[in-house]
Amino acid sequence: MYGKFTLAALLLASSTLTFAGPADDAQAHFKAIGAGEVDKIMATYGDGATLHWVGGPLNGMYSGADKIKEVWGKFAKNAPLEVAVSKLEEGANPAGSTVTANVVFKGKAEIKVRYVLVYRDGKVVNEIWQIDPKQM
């Protein structure tokens, strides 16, 4: 009987544990961007990551940690920004995950972004920041 009780307690405890997945990681990434926390932003990237910034004054493709950090350092000067996320969707299979979302960063101006993040081994390897003024 003691063994059954212990097994039941372990099963109950393990069923209440939650693990962060790519969608949760993306939400934390967006919040770090809004807060201008460049070190937290950079901690999400995998080796050889690429950021595609489409539109706006930072338009360009940035590969590698140094280039990506430089861009986020420039953008962080706008912080703090309110962050609103909508239409967040995650797709996953054993090879990796993608997260797509509409994100609005609001400070002196409102920046509407269509976001795509590609994760492999729990790290961002490809990021698309698409300025999307029509986004709802």
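Small disclaimer: the values here were computed from a predicted structure and weren't measured.

Below, the discussion takes up the overall build of the protein. Counting its regular elements, the protein contains 4 helices and 6 strands. Along the chain direction, N to C, the helices and strands of the protein fall in the order α-α-α-β-β-α-β-β-β-β. Sequence-distant contacts in the protein: of pairs separated by 6 or more residues, those separated by 24 or more amount to 44%. By element, 59% of the accessible surface of the protein is carried by carbon and sulfur atoms, the whole surface being about 8,500 Å².

As a further point, take the nonpolar core. Nonpolar side chains tend to gather and get buried jointly when the protein is soluble and globular. Judged by nonpolar contacts, the single largest core of 29 residues is most densely connected at Trp 53, Trp 72, Tyr 115 and Trp 129. Sorting the residues of this core by element identifies helix H2 (22-35), helix H3 (38-42), strand S1 (45-54), helix H4 (65-75), strand S4 (96-106), strand S5 (110-120) and strand S6 (123-131) as the ones contributing at least two each. Not counting residues up to four positions away in its chain, the partners in contact with Trp 72 are Ile 33, Val 38, Ile 41, Met 42, Tyr 45, Leu 51, Trp 53, Tyr 115, Glu 127 and Trp 129.

Across the protein, the average pLDDT comes to 88, with 85% of residues at or above 70. Of the regions scoring below 50 in pLDDT, residues 5-18 engages in 0 contacts with residues more than four places distant in sequence or in other chains.

Procedures and definitions
Residues numbered from 1 in each chain as written. Predicted model: local features only at pLDDT ≥ 70, side-chain atom pairs only at ≥ 80, totals over all residues. Heavy atoms only, no water. Helix = DSSP H or I, 4+ residues; strand = E, 2+ residues; numbered from the N terminus. Contact = heavy atoms within 4.5 Å. Areas by Shrake-Rupley, 256 points an atom, 1.4 Å probe, with all protein chains shown as cover. Core = buried A, V, L, I, M, F, W, Y, C linked by side-chain atoms within 4.5 Å. Buried < 20%, exposed > 50% of the residue type's maximum accessible area, 1.4 Å probe, protein only. pLDDT = per-residue confidence, 0-100.

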